[in-house]
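# Coordinate inspection notes
The chain contents come next:
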Amino acid sequence: MKLSEDLRRSVLQAAIQGKLTGGNQEGWRWVKLGEIGEIIGGGTPNTSNPEYWVHGRIAWITPADMGTLKSKYISHGARYITEKGLASSSARLMPKGSIVFSSRAPIGYIAIAGNDLCTNQGCKSVRLYDGNLSEYVYFVLLAMRDDIKKIGSGTTFKEISGKTFGSVIIPLPPLDEQKRIVERLNELLPLCEEMKGE
């Protein structure tokens with residue numbers, strides 16, 4: 001339902017403006033994503049080399065894996081790669097708590113890494129310098145998703161480069177306020193989801 005999706009978007013926007021928690025914006029900063037974490041691209045090992053895939057234990061995420069996600073966390077996709085596969089490609093292992101963002105086909109799927117994992121080149125991720133920020137940054141990017149989509153470039157299909165993604169500016173309140181925002185969104189967003197089924 002469009003109404004429930006509009007409500008969800010409004011709730012997210014209000015949250016990142018501090019309107020849901022009754023707090024003021026004292027102590028808030030505006031920061032680039034690249035200032036609060038390392039922007040990491042992905043890669044794909046040679047798919048014709050079984051040494052890179054067979055019996056792999058490293059979770060390897062693609063936008064297609066993220067498209068069916070029902071949770072804010074992702075722990076694995078349809079495929080795994082081996083240590084040799086990781087070493088042979090531009091994929092990089094990211095720690096639990098990193099933010100995974102699909103940067104093409106399509107732009108805008110978002111998840112938090114539930115464990116160490118890597119992605120293909122269809123994702124740009126943020127390895128946060130402060131692991132306490134994970135849920136807050138997840139919700140901010142969810143709220144800003146439509147705006148981020150608009151800055152994609154490309155002729156065949158739109159894509160967000162690592163440089164562009166790292167330049168995205170987000171509001172960053174003090175940690176206590178971040179926690180209050182996350183708590184409120186964890187309460188309210190499930191209600192918006194329930195409305196979709198009505």
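Heads up: these notes are all about the structure in this document. (Residues numbered from 1 in each chain as written. Predicted model: local features only at pLDDT ≥ 70, side-chain atom pairs only at ≥ 80, totals over all residues. Heavy atoms only, no water.)

The next thing to look at is the nonpolar core. Grouped together as the largest cluster of nonpolar side chains are 37 residues, with contacts concentrated most on Ile 36, Ile 99, Val 137, Leu 141 and Ile 170. A per-element tally of this core places helix H5 (residues 134–150) first, with 10 residues. Those residues in contact with Ile 170, other than ones at most four positions away along the chain, are Arg 29, Trp 30, Val 31, Leu 33, Ile 36, Val 137, Val 140 and Met 144. Membership of the second largest hydrophobic core comes to 11 residues, among which are Met 66, Ile 74, Met 94 and Cys 123. (Core = buried A, V, L, I, M, F, W, Y, C linked by side-chain atoms within 4.5 Å. Buried < 20%, exposed > 50% of the residue type's maximum accessible area, 1.4 Å probe, protein only. Helix = DSSP H or I, 4+ residues; strand = E, 2+ residues; numbered from the N terminus. Contact = heavy atoms within 4.5 Å.)

Glancing now at the environment of Gly 85. The residue Gly 85 is located in helix H4 (residues 83–88) in this model. For the pair Gly 85 and Tyr 52, spaced 33 residues apart in the sequence, the C-alpha separation amounts to 3.9 Å. In this structure Gly 85 touches Pro 45 and Tyr 52, once residues within four positions along its chain are discounted.

Moving on, we get to the packing of aromatic side chains. The full count for this structure, using the stated rule, is three aromatic pairs. With a centroid separation of 4.8 Å and an interplanar angle of 25°, the aromatic rings of Phe 101 and Phe 165 are classed as stacked. With a gap of 64 residues between them, Phe 101 in strand E6 (residues 99–103) and Phe 165 in helix H6 (residues 162–166) connect regions that are remote in the sequence. For the pair formed by Phe 101 and Phe 165, the shared burial category is buried. Ring geometry for Tyr 138 and Phe 139: centres 5.2 Å apart, planes at 70°, overall edge-to-face. Residue classification places Tyr 138 among the buried residues on the basis of a relative accessible area of 7%. (Phe/Tyr/Trp six-rings, centres within 6.5 Å; stacked < 30°, edge-to-face > 60°.)

Moving on to the side chain of Asp 65. Among the secondary structure elements, Asp 65 is positioned in helix H3 (residues 63–67). Of the buried charged residues, Asp 65 lacks a salt bridge, with Arg 79 as the closest side chain of opposite charge at 8.6 Å. Reaching out from Asp 65, the side chain makes a polar contact with the backbone nitrogen of Thr 62 at a distance of 2.9 Å. Beyond its immediate stretch of four places on either side in the chain, Asp 65 contacts Trp 60, Ile 74, Gly 77 and Ala 78. (Lys, Arg positive; Asp, Glu negative; His and termini not counted. Salt bridge = Lys/Arg side-chain N within 4 Å of Asp/Glu carboxyl O. Polar contact = N/O pair within 3.5 Å; in protein donor to acceptor, adjacent residues only side chain to side chain.)

Once that is clear, we can look at the pairing of strand E3 (residues 58–61). The two faces of E3 match: Ile 58 and Trp 60 on one face and Ala 59 and Ile 61 on the other face are all buried. Note that E3 and strand E5 (residues 79–81) share three bridges and pair antiparallel. Across the sheet, the residue bridging to Ile 58 is Ile 81, located in E5. Here E3 runs beside strand E8 (residues 118–119); their pairing, made up of two bridges, is parallel. (Pairing = 2+ DSSP bridges.)

As a further point, take the sheet that holds E3. Ordered by their spatial adjacency, three strands build an open sheet running E5-E3-E8, and the pairing between neighbours is mixed. The sheet terminates laterally at E5 and E8, the two strands that pair on one side only.

Bringing the environment of Trp 60 into the picture now. Mapped onto the elements, Trp 60 comes out in strand E3. Judged by relative accessible area, which is 6%, Trp 60 ranks as buried. Distance from Trp 60 to Ser 75, taken between C-alpha atoms, is 9.2 Å for residues 15 residues apart in sequence. Contacts of Trp 60, omitting those with residues within four sequence positions, involve Gly 43, Thr 44, Pro 45, Trp 53, Asp 65, Gly 77, Arg 79, Tyr 80, Ile 81, Cys 118, Thr 119 and Asn 120. Side-chain polar atoms of Trp 60 contact the backbone oxygen of Gly 43, separated by 2.9 Å.

Secondary-structure assignment places Thr 82 in the loop between E5 and H4. Of the residues examined, Thr 82 reaches a relative accessible area of 12% and is grouped as buried. Separated by 2.6 Å, the side chain of Thr 82 and the backbone oxygen of Glu 51 make a polar contact. Filtering out sequence-adjacent residues up to four positions away, Thr 82 remains in contact with Glu 51, Tyr 52, Trp 53, Val 54, His 55, Gly 56 and Ile 58.

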